[in-house]
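Residue-level listing of the chains:
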Amino acid sequence: MSLKKIYLPGRFNYIACFLTLNCNFNCDYCINWLEKRDNKWPQISGQDWTHALNRLVSRRDLPITLQGGEPSLHPDFFSIINNIETQLNIDILTNLSFDVEKFAKEVNPSRLKREAPYSSIRASYHSTQMSADIFIKKILYLQKAGFSVGGYGVLHPLTKDHVLETKEKCEQFGIDFRVKDFLGQHEGELKGLYKFEGSVGSTTRLKCKCRTTELIIGPDCKVYRCHHDLYKGFPHIGNLLEPEFDIEDIFRDCDQYGDCNPCDLKIKTNRFQKFGHCSVDIKDIVKAN
Ligand code: SF4
Ligand code: SF4
């Protein structure tokens, strides 16, 4: 049975599909794993994923991003990519641990082509988990096979210099490599630039009203208000597989202001690569009674 279509609100800027939250890497600075590191997240079949995603009606400039954890760990990774309807553009956010030769055999590069100021496969470099040489080799292989791939690295205080060296090395091979600020606590200090003061890393919890610009879809197709709710197991606001589900572009009550996830509150670039965007808008911040 086909499900009724769901139209993305015009204000929405990102569609995050967490195919799985499991990951085969173990980075100290992982913000997916602030709470849970047991790699035992629920998972649904690739058929359910495509059934759910094919309900979405999005714009050409707003792709579906397959991410995780590590999205290629989903056993139906290739069939999900190959069965998402072609009017939906696809981006992939990966740690590049997958077998690139197999990927190039299973996926047609034209399926991942779209107009955007950044690559459709965003490969994150994790210096403690993969060598720069292997990372570069894998990117070059995929590029040669016709894929658009760029590298990304987090400027963690302990590995910053190495990441910047890797950026330089990538650029010598003509690979676009972009760096991101490290988010979260380091040596007792909160790092990162956040739109609302006291929203991240605070010991107090305040009430507020919060509205997102992102569709956050968890590994079992449940939809969440924000990354905080997904990672911390807070109640979902719907499920993409429910026949009656629709996206409500509204401010929602929240009493977790102070414990927001850095991903939701950081000031970053939007999908047009313009800096200054924040995923959520927050108002009416008050102390809880
Ligand atoms: S590769 Fe990404 S998701 Fe996996 S542990 Fe590292 S930061 Fe977390
Ligand atoms: S205030 Fe923070 S925790 Fe609450 S919904 Fe918004 S982003 Fe999520």
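Residues numbered from 1 in each chain as written. Chains lettered and ligands numbered in written order. Predicted model: local features only at pLDDT ≥ 70, side-chain atom pairs only at ≥ 80, totals over all residues. Heavy atoms only, no water.

Asks: What should I look at first to understand the site of ligand 2 in this one?
Replies: Around ligand 2 lies a shell formed by C208, C210, R225, C226, H228, C254, Q256, C260, D264, L265 and I282. Its residues assigned to classes, the shell around ligand 2 shows seven nonpolar, two polar and two charged. (Near = heavy atom within 4 Å. Nonpolar A, V, L, I, M, F, W, Y, C, P; charged D, E, K, R; others polar.)

Asks: I'm lost on empty space enclosed by the protein in this one. Help?
Replies: To find the voids left in a structure, one rolls a probe of water-molecule size over its atoms. Per the stated rule, a full pass over the model turns up two cavities of 30 Å³ or more. The computed volume of the largest cavity comes to approximately 110 Å³. Around the largest cavity sit C208, C210, R225, C226, H228, C254, Q256, C260, D264, L265, V280 and I282, which together line it. Taken together, the residues of the lining of the largest cavity break down into eight nonpolar, two polar and two charged. Space inside the second largest cavity adds up to approximately 30 Å³. Taken together, C210, R211, T212, R225, I250 and R252 form the lining of the second largest cavity. The leading source of residues in the lining of the second largest cavity is strand β11 (residues 206-212), at three residues. Taken together, the residues that form the lining of the second largest cavity break down as two nonpolar, one polar and three charged. (1 Å grid on protein atoms, 1.4 Å probe; cavity = no way out; pocket = protein on both sides within 12 Å on 5 of 7 lines; lining within 4 Å. Points joined across faces, edges and corners; volume = space filled by probe spheres on them. Helix = DSSP H or I, 4+ residues; strand = E, 2+ residues; numbered from the N terminus.)

Asks: Looking at this structure, how should I read the site of ligand 1?
Replies: Around ligand 1 lies a shell formed by C23, F25, C27, C30, N32, G69, N95 and H126. A class-by-class count of the residues in the shell around ligand 1 yields four nonpolar, four polar and no charged.

Asks: What should I look at first to understand the sheet that holds strand β18 (residues 280-287) in this one?
Replies: Adjacent strands of a sheet pair through backbone hydrogen bonds, lying either parallel or antiparallel. Strands sit in the order β15-β11-β18 across an open sheet of three strands; the sheet is antiparallel. This sheet does not close on itself; its edge strands, each paired only once, are β15 (252-257) and β18. In this sheet, adjacent strand axes meet at a mean angle of 35 degrees when their direction is disregarded. Bridge count between β11 and β15: four bridges; the pairing is antiparallel. Following the sheet pairing, C208 is matched in β15 by C254. (Pairing = 2+ DSSP bridges. Axes fitted to C-alpha atoms, helices over the stretch in contact; angles between N-to-C directions.)

Asks: Hey, could you run me through the packing of aromatic side chains in this one?
Replies: To describe a pair of aromatic rings, one takes the distance between the centres and the angle between the planes. Here the structure, examined in full by the defined rule, presents nine aromatic pairs. Relative to Y231, the ring of F18 lies with its centre 6.2 Å away and its plane at 90 degrees, an arrangement referred to as edge-to-face. One end of the pair, F18, is in strand β2 (residues 14-18); the other, Y231, is in helix α6 (residues 227-232), and 213 residues separate them in sequence. Pair check on accessibility: F18 and Y231 agree, each one buried. (Phe/Tyr/Trp six-rings, centres within 6.5 Å; stacked < 30°, edge-to-face > 60°. Buried < 20%, exposed > 50% of the residue type's maximum accessible area, 1.4 Å probe, protein only.)

Asks: Hey, could you run me through the packing of helix α4 (residues 132-144) against helix α5 (residues 160-172) in this one?
Replies: When two helices pack together, their arrangement is given by the angle between the helix axes and the distance between those axes. Taken N-terminus to C-terminus, the directions of α4 and α5 make an angle of 35 degrees; their axes are 11 Å apart at the nearest point. The handedness of the crossing between α4 and α5 is right-handed. Residues A132, D133, F135 and I136 of α4 touch α5, and the partners they reach there are T166, K169 and C170. Residue classes in the contact of α4 with α5 are distributed as four nonpolar, one polar and two charged. (Left-handed = near helix turned anticlockwise from the far one by under 90°. Contact = heavy atoms within 4.5 Å.)

Asks: Is there a simple way to think about the pattern of salt bridges in this case?
Replies: It is possible for side chains bearing opposite charge to pair when their charged atoms get close. Taken as a whole and assessed by the stated rule, the structure comprises 16 salt bridges. Of the charged contacts, one joins D91 and R114 as a salt bridge, the two residues approaching to 2.7 Å between their closest N and O atoms. With D91 in strand β5 (residues 90-94) and R114 in the loop between α3 (100-106) and β6 (121-125), this pair connects stretches of sequence that are 23 residues apart. Like R114, D91 is buried. Between D253 and K209 there is a salt bridge, with the nearest N and O atoms lying 2.7 Å from each other. Here K209 lies in strand β11 and D253 lies in strand β15, a separation of 44 residues in the sequence. Salt bridges sharing common partners tie together D91, R114 and R122. (Salt bridge = Lys/Arg side-chain N within 4 Å of Asp/Glu carboxyl O.)

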